[in-house]
Amino acid sequence: MSMRLPKTVLHNRSAKSNYRQSFWAFAWQTIVKKPGRLIGFIIILLFTFMGIFGPYLYPAQLPINPNAIYAPISWQYPLGADFEGTSNLALVITGARYVLFAAAMGAVFTVAFGTILGLCAGYFIGWTDSVIMRITDFILTIPSFPLLVVLSTVWNFGQPVAMGFVLGITGWGGLARAVRSQTMSLRERGFIEAARGLGLSPLYILFREILPNVGSYIAMNLLLSVTGSIYAEVGLFFLGVVPFQVNNWGVMLNLAVFSAGAMSSPQALPYLLSPMLAILILTLGIVLFLDALDEMFNPRLRGV
Amino acid sequence: MSAELKHKQATAPAVQVRGLNVVYATNQGDLPAVRQVDLDIEARKITGIIGESGSGKSTLVMAMMNAVGKPGQIVSGSVEVLGVGDMLSIDRERQRKARGKELGLVFQAAQNSLNPLRRIGHQVLDLGRSHDVKDLRDLLRKAKDLLTRLGMDADRVLASYQHELSGGMRQRVGIMFALILDAKIVILDEATTALDMLSQASVLEIVRELHKERGLTTILVTHDMGVVADMADRVVVMYGGEIVEEGPSEFVLSHPAHPYTQGLVRAIPRISGDIDRAVPLQGAPADLKTYLEPGCPFYQRCPVAMPKCQESRPTSLAVSQDRKVACFKVTDHD
Amino acid sequence: MKIVMIRFVKRLIAGLIMILVVASFTFLLVRLMPGDPVQAKYDQLLLNGLTPIQAMDEVRVMYGFIPHQPLWIQYVHYLSQILHLNLGQSISYEGTPVMRIILGAAPWTIILVLTGTIASFIVGVLAGVIAAIKRNSLAGSAITISGSVLHGIPLFVMALFLAYVLTTIYAILPFGAPYNAALTPGFNGPFLSSLARHALLPVFTYALSSYGGWLLTMKSSVISVLGDDFILASEVRGLKTSTRIGYIAHNAILPLFTILALSIGFMFGGSLFIEDIFDYPGLGNLLVNAINSRDYPLMSGAFLLITVAVIASNIITDFLYSVVDPRIRR
């Protein structure tokens with residue numbers, strides 16, 4: 001017995017790495033199958049790159065140019081220039097980091113809260129479920145954007161993590177509800193009952209047996225929450241209720257509309273359109289990529 | 001001579017299926033579900049259609065009503081219904097009128113055959129209005145009579161929503177809907193499968209009574225040999241979308257000719273007999289690969305297969321006056 | 001009917017508890033805010049030469065509670081003031097009761113949100129039915145794509161776009177006030193038409209922002225109902241096409257009621273953008289302005305009222321749902 005055990009472990013590990021490899025190969029095949037998915041994937045990669053390296057491409061203080069105030073689109077200013085003569089493209093690229101990092105954190109927190117609470121509610125049922133679901137109903141009922149706006153008066157949104165945390169706190173309701181109902185149906189299945197019968201700990205069952213089965217749903221929601229988070233945070237900056245500490249897309253929108261008067265003076269229009277374009281392209285990328293993710297994780301679509 | 005002619009006219013088939021082909025469109029191409037079926041359903045008799053799941057028996061009866069759901073599609077053939085015409089070629093409005101009024105169907109999922117948001121009584125009225133029934137009060141009275149006969153509290157059922165009834169009750173309501181417009185041809189597609197043994201027996205008993213009383217033509221689709229033995233005058237055995245054997249049930253069951261029918265009969269565990277004597281059918285039911293092969297669909301599982309069976313498909317030939325079999329072993333004797 | 005009433009009462013109680021929680025939240029928010037605005041105001045009044053008692057009275061009128069007292073006494077006082085529909089006084093609108101300002105703004109938002117919701121619901125549901133039935137045709141895909149695209153565009157982008165196109169490039173729609181200030185408010189033609197013209201742009205934006213969601217949900221709902229056994233049964237029984245379409249529509253639309261509640265919350269959230277961009281004087285605009293001018297009593301009041309409006313709409317939606325779905329009545 002004692003001799004055989006390591007062997008099995010070893011065997012398992014190699015099987016696992018095989019599986020990993022084939023999963024990535026499978027994922028790649030799924031992405032390249034349709035051009036739309038590949039475009040989505042490339043857009044997401046591009047924006048991730050922008051978020052990580054964007055600020056290093058430009059000096060910390062972006063150059064201003066009094067002769068290029070609201071400069072039209074040109075080779076030097078591919079997206080025009082703002083009210084100080086700074087390139088809009090540079091602003092979009094350097095502004096991506098805060099927006100994307102906060103959105104990623106927002107998605108992570110949303111998914112973490114939603115998944116853990118949904119799993120617990122669905123697995124332990126009884127009063128745990130009742131309490132969690134009452135809180136979920138509450139979170140779902142309170143209009144989240146006004147809540148964010150009000151919270152902005154006490155919460156310092158300077159750090160992307162802080163922004164992400166608040167986005168997560170206000171946004172987990174829908175996911176928790178969905179994960180709960182999936183967990184409830186899973187816990188009645190044979191293999192979970194068998195695991196319970198074997199006396200495995202609830203934690204083990206929740207995270208090793210149930211979580212992988214709701215994984216696809218969670219992966220989809222992770223991406224969807226990224227778009228939701230971007231809209232919410234950019235919206236907060238756009239409304240100007242959050243103090244501007246770093247340049248980002250929302251700040252650009254706010255300054256363009258409320259300071260530069262882009263709505264009535266066409267020369268300031270590129271300044272308004274640049275961040276909008278960034279948001280729309282990223283959204284498009286995510287929507288296109290979701291299709292691939294759906295096929296990767298949804299067993300019903302697999303192999304069809 | 002003339003006596004024989006008279007006899008023939010009296011037993012003109014209630015439904016006459018000719019050259020029927022139904023396919024299911026899938027990603028891997030068209031999957032034939034019913035293939036080249038010719039079938040006469042005798043009037044005023046109970047015909048049992050038997051076969052494993054996937055043998056095409058449900059598709060066949062749905063095709064008789066021209067109600068094959070997507071992705072299924074009727075490719076060719078005709079279904080001549082007595083007093084109606086060819087269900088596959090008459091105009092849509094006449095087809096609609098024939099459904100329910102001439103052909104009543106209780107289908108497999110009859111528990112879910114009711115609109116969950118309307119009371120049963122309202123749905124009876126909807127049915128009456130769709131078929132231009134003049135006297136709706138009379139229709140409700142008929143519904144009550146039928147429900148009472150089926151052993152239910154008729155007033156309560158008519159005032160109920162689907163979710164207020166049990167599965168067995170819904171199934172009986174489904175039977176009521178098939179009979180209420182006095183359809184002369186009634187098709188029960190696994191209509192009692194979901195019921196427990198006792199309700200199944202009582203529902204079948206009522207079906208038998210109504211069949212006699214109203215002079216119905218009843219088609220009983222089932223995978224339960226016991227039900228066929230008990231109820232049917234004639235039996236039609238389907239395998240892989242084809243009819244492999246048909247004939248009077250007492251003869252077919254006592255002397256099955258096709259090896260598949262023989263297998264089915266042997267697989268019935270007799271309650272009185274020894275369970276060890278029930279022999280399960282070997283092998284898996286027909287699948288896509290089987291359908292595409294040129295030979296007999298039963299070849300893979302057949303205990304008496306010959307080389308010829310792999311090369312060509314046996315056609316259904318009469319072996320006696322009212323019995324047909326599709327098997328080289330049986331038909332090639334002479 | 002009794003079960004519907006019990007459900008309604010339960011929802012009502014849950015709603016009241018939610019309002020209590022939100023009121024407590026706004027209380028704590030203002031009270032525990034960095035720099036404590038209540039204390040700051042009190043200190044400032046003392047510096048301005050008021051006696052401590054005068055200053056205390058002033059602050060109490062403004063915020064609804066008194067500094068220098070244990071938190072829970074302030075809390076009880078605050079809640080009793082809310083029960084008397086007193087939300088304190090605004091800072092930016094010099095001494096005007098918050099309640100009066102909010103009640104002045106609320107109708108604009110509520111009417112606009114409701115009109116927008118109803119309009120988008122009707123159009124979205126109809127389009128969803130067509131998209132589902134004709135899902136294999138070009139028209140069907142075109143409708144579905146229109147829904148996905150509109151569903152994906154952020155509200156503020158949509159609002160800015162519409163404002164730019166319809167008021168700047170083609171100045172066909174008015175912008176700003178809810179009606180032409182030169183007209184006398186009342187039940188007269190010119191006033192009403194001015195009202196409608198001014199509301200058109202915001203209502204259209206509200207409607208457009210949720211149209212896609214309705215369309216996509218209705219489409220998938222219809223498709224799932226089309227696969228239900230009872231629809232096949234109704235075909236096999238020879239029901240008329242019109243009756244069958246009625247069965248399908250009735251069954252497909254019910255799940256949408258549960259989403260209606262969430263949608264209303266979303267719409268009220270959207271009012272912040274729409275009213276800010278179109279400069280329309282509703283609750284959303286009020287909330288944003290209150291925060292930008294650090295008018296905390298007004299902020300708490302506006303937020304509380306938005307929440308109450310959402311909770312009330314939820315209760316009404318749920319009540320309607322339990323009336324139309326017999327499965328709840330049991």
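Remember, predicted model here, so these are calculated numbers, not experimental data.

**Points about the interface of chain A and chain C**
At the interface, 26 residues of chain A touch 32 residues of chain C. Where the side of chain A that touches chain C is concerned, the elements lending two or more residues are α4 (126-141), α5 (144-151), α9 (202-239) and α11 (269-297) of chain A. Class assignment for the residues of the side of chain A that touches chain C results in 19 nonpolar, seven polar and no charged.

**Here we look at the pairing of strand β1 (residues 15-26) of chain B**
Residues and elements named next belong to chain B. Relative to strand β2 (residues 29-41), β1 runs antiparallel, the two sharing nine bridges. Pairing of L20 across the sheet is with V37, part of β2. As judged from the eight bridges shared by β1 and strand β4 (residues 72-81), these two strands associate in the antiparallel manner. Paired with V17 across the strands is V79, a residue of β4.

**Structural notes on the sheet that holds strand β5 (residues 85-86) of chain B**
Within the open sheet, the four strands sit side by side as β2-β1-β4-β5 (chain B). Their pairing is antiparallel. What marks the edges here is a single partner per strand, and that holds for β2 and β5 of chain B.

**Some details on the interface of chain C and chain B**
Taken together, the contact pairs 16 residues of chain C with 24 residues of chain B. Going through the elements one at a time, α9 (229-236), α10 (241-278) and α13 (326-329) of chain C are the ones with two or more residues in the side of chain C that touches chain B. No other element matches the six residues that α9 of chain C contributes to the side of chain C that touches chain B. A class-by-class count of the residues in the side of chain C that touches chain B yields seven nonpolar, four polar and five charged.

**So, the packing of helix α1 (residues 2-31) of chain C against helix α4 (residues 71-83) of chain C**
Residues and elements named next belong to chain C. Contact geometry for α1 and α4: axes closest at 11 Å, N-to-C directions at 130°. When the axis of α1 is compared with that of α4, the two are oblique. Viewed along their axes, α1 and α4 form a crossing whose handedness is right-handed. The segment α1 lies against α4, with A23, F27 and R31 engaging L71, Q74, Y75, Y78, L79 and I82. Its residues assigned to classes, the contact of α1 with α4 comprises seven nonpolar, one polar and one charged.

**Section: the environment of I219 of chain B**
Residue and element names in this part refer to chain B. Its place among the elements puts I219 in strand β8 (residues 217-222). A tally of 27 C-beta atoms within 10 Å means that I219 is categorised as buried. Taking C-alpha positions, I219 is 8.3 Å from K45, a pair spaced 174 residues apart along the chain.

**Considering the environment of M87 of chain B**
Residues and elements named next belong to chain B. Looking at the secondary structure, you find M87 in the loop between β5 and α3 (92-101). According to the C-beta neighbour criterion, M87 is buried, with 24 such atoms within 10 Å. Taking the C-alpha atoms as reference points, M87 and M64, 23 residues apart in sequence, are found 7.0 Å from one another. Discounting chain neighbours no more than four positions away, the residues touching M87 are M64, M65, N66, V79, V81, Q95 and A98.

**Points about α5 of chain A**
Working note: α-helix, 3.6 residues per turn, so residues spaced by three or four point in the same direction. The buried fraction of α5 of chain A amounts to seven of the eight residues, a majority that puts the element mostly inside the structure. Taken together, the buried positions of α5 of chain A are occupied by S144, F145, P146, L147, L148, V149 and V150 of chain A.

**A closer look at the nonpolar core**
By size, the foremost hydrophobic cluster in this structure holds 153 residues, and its most contacted members are V149 of chain A together with L287 and A302 of chain C. Here this core takes 20 residues from helix α3 (residues 88-124) of chain A, the largest share from any one element. When residues no more than four places from it in sequence are discounted, the contact partners of A302 of chain C are I102, L283, L286, L287 and A290 of chain C.

**Concerning the sheet that holds strand β12 (residues 323-325) of chain B**
Residues and elements named next belong to chain B. Strand order across the open sheet formed by eight strands is β6-β7-β8-β3-β9-β10-β12-β11, with mixed pairing between neighbours. Because the sheet does not close on itself, it has two edges, and the strands there are β6 (103-106) and β11 (317-320). Neighbour to neighbour, the strand axes of the sheet diverge by 20° on average, direction disregarded. Here β11 pairs with β12 via three bridges, running antiparallel. Paired with S320 across the strands is R323, a residue of β12.

**A look at the environment of D30 of chain B**
Residue and element names in this part refer to chain B. Position of D30 relative to the elements: it lies in strand β2. Owing to 15 C-beta atoms within 10 Å, D30 belongs among the partly exposed residues under this scheme. Taking the C-alpha atoms as reference points, D30 and G72, separated by 42 residues in sequence, lie 9.1 Å from one another. Here D30 is in contact with V23 and A25, once residues within four sequence places are set aside.

**Remarks on the packing of α9 of chain A against helix α10 (residues 249-259) of chain A**
Residues and elements named next belong to chain A. Running from N to C, α9 and α10 cross one another at 35°; their axes reach a closest spacing of 7 Å. Every pair of crossing elements has a handedness; the one defined by α9 and α10 is right-handed. For the pair α9 and α10, contact is made by E233, V234, G235, L236, F237 and F238 and by W249, G250, V251, L253 and N254, respectively. Split by residue class, the contact of α9 with α10 holds seven nonpolar, three polar and one charged.

**Quick word on the confidence of the model for chain C**
For chain C, per-residue confidence averages 82 on the pLDDT scale, and residues scoring 70 or more make up 90% of the total. The complex prediction reports pTM at 0.79, with the ipTM value standing at 0.84.

**Examining α9 of chain A**
Residues and elements named next belong to chain A. Along its 38 residues, α9 runs just 45 Å from first to last C-alpha, ending more than 12% under the 56 Å computed at 1.5 Å per residue. At L211, α9 shows its maximal kink, close to 60°; a proline, P212, follows between one and four residues later. Two residues or fewer after α9 comes G240, characterised by a positive phi angle close to 80°.

**Structural notes on the pairing of strand β7 (residues 185-189) of chain B**
All names here are of chain B. Most of β7 is tucked away: five of the five residues are buried. A two-sided burial pattern is seen for β7, the buried positions comprising I185, I187 and D189 on one face and V186 and L188 on the other. Pairing of β6 with β7 involves four bridges; the strand directions are parallel. Within β7, the residue paired with V106 across the bridge is L188.

**Describing unusual backbone geometry**
All names here are of chain B. The phi dihedral of N66 falls on the positive side, at around 55°, and the residue is not glycine. With respect to the helices and strands, the residue N66 is situated in the loop between α2 (57-64) and β4. For E190, which is not a glycine, the phi torsion comes out positive at approximately 50°. Of note, E190 is situated in the loop between β7 and α8 (197-214).

Scoring rules and cut-offs
Residues numbered from 1 in each chain as written. Chains lettered and ligands numbered in written order. Predicted model: local features only at pLDDT ≥ 70, side-chain atom pairs only at ≥ 80, totals over all residues. Contact = placed C-beta atoms within 7 Å. Helix = DSSP H or I, 4+ residues; strand = E, 2+ residues; numbered from the N terminus. Nonpolar A, V, L, I, M, F, W, Y, C, P; charged D, E, K, R; others polar. Pairing = 2+ DSSP bridges. Axes fitted to C-alpha atoms, helices over the stretch in contact; angles between N-to-C directions. Parallel < 35°, antiparallel > 145°, perpendicular 65-115°, else oblique. Left-handed = near helix turned anticlockwise from the far one by under 90°. Buried ≥ 20, exposed ≤ 12 C-beta atoms within 10 Å, placed from the backbone. Core = buried A, V, L, I, M, F, W, Y, C linked by C-beta atoms within 7 Å. pLDDT = per-residue confidence, 0-100. Expected span 1.5 Å × (residues − 1). Bend = angle between axes of the 7 residues up to and from the residue.

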